[in-house]
Amino acid sequence: VSGLLPVVRYADPLLWITGYIRAALVALGKSDVRVSDRYDETNTDRAVWVLPTGGHRLTVVTATRRFGINIYAPGPTGQPVNTLAEDVRSALAACPGSGAVKAYTELSAPVPIDDPNGIPRRYMTCEIVIKGA
Amino acid sequence: MARVRVVLNSAGMAALLNDYGVDAELGRRAEAILSAQKSACPVETGHLQSSLQVQAHTTDRVTRRVGSFSLPYGMLVEARTGFISRSVDAAGGA
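Presented here is an overview of the structure given in this document.

**As for the nonpolar core**
Counting residues in hydrophobic clusters, the biggest one holds 31 residues, and the most contacted among them are I17, I21, V48, I69, I71 and L92 of chain A. Only α1 (13-27), β2 (47-52), β3 (62-72), α2 (79-93), β4 (101-113) and β5 (121-131) of chain A provide two or more residues apiece to this core. With seven residues, the single largest contributor to this core is α1 of chain A. Ignoring anything within four residues of it in the chain, the contact list for V48 of chain A reads I21, L25, V33, R34, V35, S36, I69, N70, I71 and V88 of chain A. Grouped together as the second largest cluster of nonpolar side chains are 10 residues, A30, L48, F83 and A91 of chain B included.

If you want it as structure tokens, here you go:
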């Protein structure tokens, strides 16, 4: 193809964000936390489930991508899941400069969700700006 | 080098944020988001889909809120499907 503008491709943002969260949790000694883009109805363990929810091109070389992030952690209180949610939240807030990510916005902070399995769960949303090549 | 000093016209900004044209444009975009939400909303009983609405909510500026404000399981459906978050793109760009 040819046109007035260059062809710009973007690295897989879902692959990036799951890898980033996983690495951040491993660095915190939480390598047992399952980080995935797949919803597991039977999950009762510590887990982070990332849901891509769209985005659009900003300029010729930049684009936004939004994500919904579900965080699960069993426990008699909400403290374990609150701690895990804060781990994820604070790691993501520091992500600009990682890979092709140029900016990060937390759209909504983690809020409690009544999970059908009864496991303490939080849900947050965020948006990144990525640069293509 | 001369330094540029910017003084924000607060009264002018407040007037802009409450302008009829801004209000109308927000309303148009909110209706587009609502339409996208209703299309993407998972339907079992239809209660969640029919509860989706646009609310005019004025603070110090005109705003619109789009979503379900009455059903407690709305957040669970959003957390599982992201149908509300996905609908934001229907608002279009700047």
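Now that the structure is up, let's keep going.
**Looking at the packing of aromatic side chains**
All told, the structure shown has two aromatic pairs over all chains when counted by the stated rule. Taking the centre distance of 4.6 Å and the plane angle of 40° together, the rings of Y39 of chain A and W49 of chain A count as tilted. Taken as a pair, Y39 of chain A in the loop between β1 (34-36) and β2 and W49 of chain A in strand β2 lie far apart in primary sequence, 10 residues in all. With relative accessibility at 25%, the residue Y39 of chain A sits in the partly exposed group. Note on W49 of chain A: relative accessible area 5%, which makes it buried. Seen from the ring of Y10 of chain A, R65 of chain A lies directly overhead, with NZ or CZ sitting 5.7 Å from the centre. One Lys or Arg, R65 of chain B, reaches over the ring of F69 of chain B and ends 5.1 Å from the middle of that ring.

**Things to note about the side chain of T62 of chain A**
Secondary-structure assignment places T62 of chain A in strand β3. The contact partners of T62 of chain A, leaving out residues within four places of it in the chain, are Y10, R57, V129, I130 and K131 of chain A.

**Some remarks on the interface of chain A and chain B**
With 17 residues of chain A at the interface, the matching set in chain B holds 11 residues. Both sides together, the interface formed by chain A and chain B hides about 1100 Å², and carbon and sulfur atoms give 52% of it. Of all residues in chain A, T53, R66 and Y123 of chain A bury the most surface against chain B, accounting for 36% of the area lost on that side. Our enumeration of links across chain A and chain B arrives at two salt bridges. Across the pair E41 of chain A and R80 of chain B runs a salt bridge, and its minimum N-O distance is 2.6 Å. Where chain A meets chain B, there are eight residue pairs in polar contact (both at pLDDT 80 or more). When residues of the side of chain A that touches chain B are traced back to their parent elements, those giving at least two are β2, β3, β4 and β5 of chain A. For the side of chain A that touches chain B, the leading source of residues is β2 of chain A, giving three residues.

**Things to note about the sheet that holds β1 of chain A**
All names here are of chain A. Strand order in the open sheet formed by five strands is β1-β2-β3-β5-β4, with mixed pairing between adjacent strands. Strands at the two margins of the open sheet, each flanked by one partner only, are β1 and β4. Neighbour-to-neighbour, the strand axes of the sheet open up by a mean angle of 20°, direction not taken into account. When β2 meets β3, the two strands line up antiparallel, connected through six bridges.

So, how was this worked out
Residues numbered from 1 in each chain as written. Chains lettered and ligands numbered in written order. Predicted model: local features only at pLDDT ≥ 70, side-chain atom pairs only at ≥ 80, totals over all residues. Heavy atoms only, no water. Core = buried A, V, L, I, M, F, W, Y, C linked by side-chain atoms within 4.5 Å. Buried < 20%, exposed > 50% of the residue type's maximum accessible area, 1.4 Å probe, protein only. Helix = DSSP H or I, 4+ residues; strand = E, 2+ residues; numbered from the N terminus. Contact = heavy atoms within 4.5 Å. Phe/Tyr/Trp six-rings, centres within 6.5 Å; stacked < 30°, edge-to-face > 60°. Lys NZ or Arg CZ within 6 Å of the ring centre and 35° of its normal. Buried area = accessible area lost by both parts, 1.4 Å probe. Salt bridge = Lys/Arg side-chain N within 4 Å of Asp/Glu carboxyl O. Polar contact = N/O pair within 3.5 Å; in protein donor to acceptor, adjacent residues only side chain to side chain. Pairing = 2+ DSSP bridges. Axes fitted to C-alpha atoms, helices over the stretch in contact; angles between N-to-C directions.

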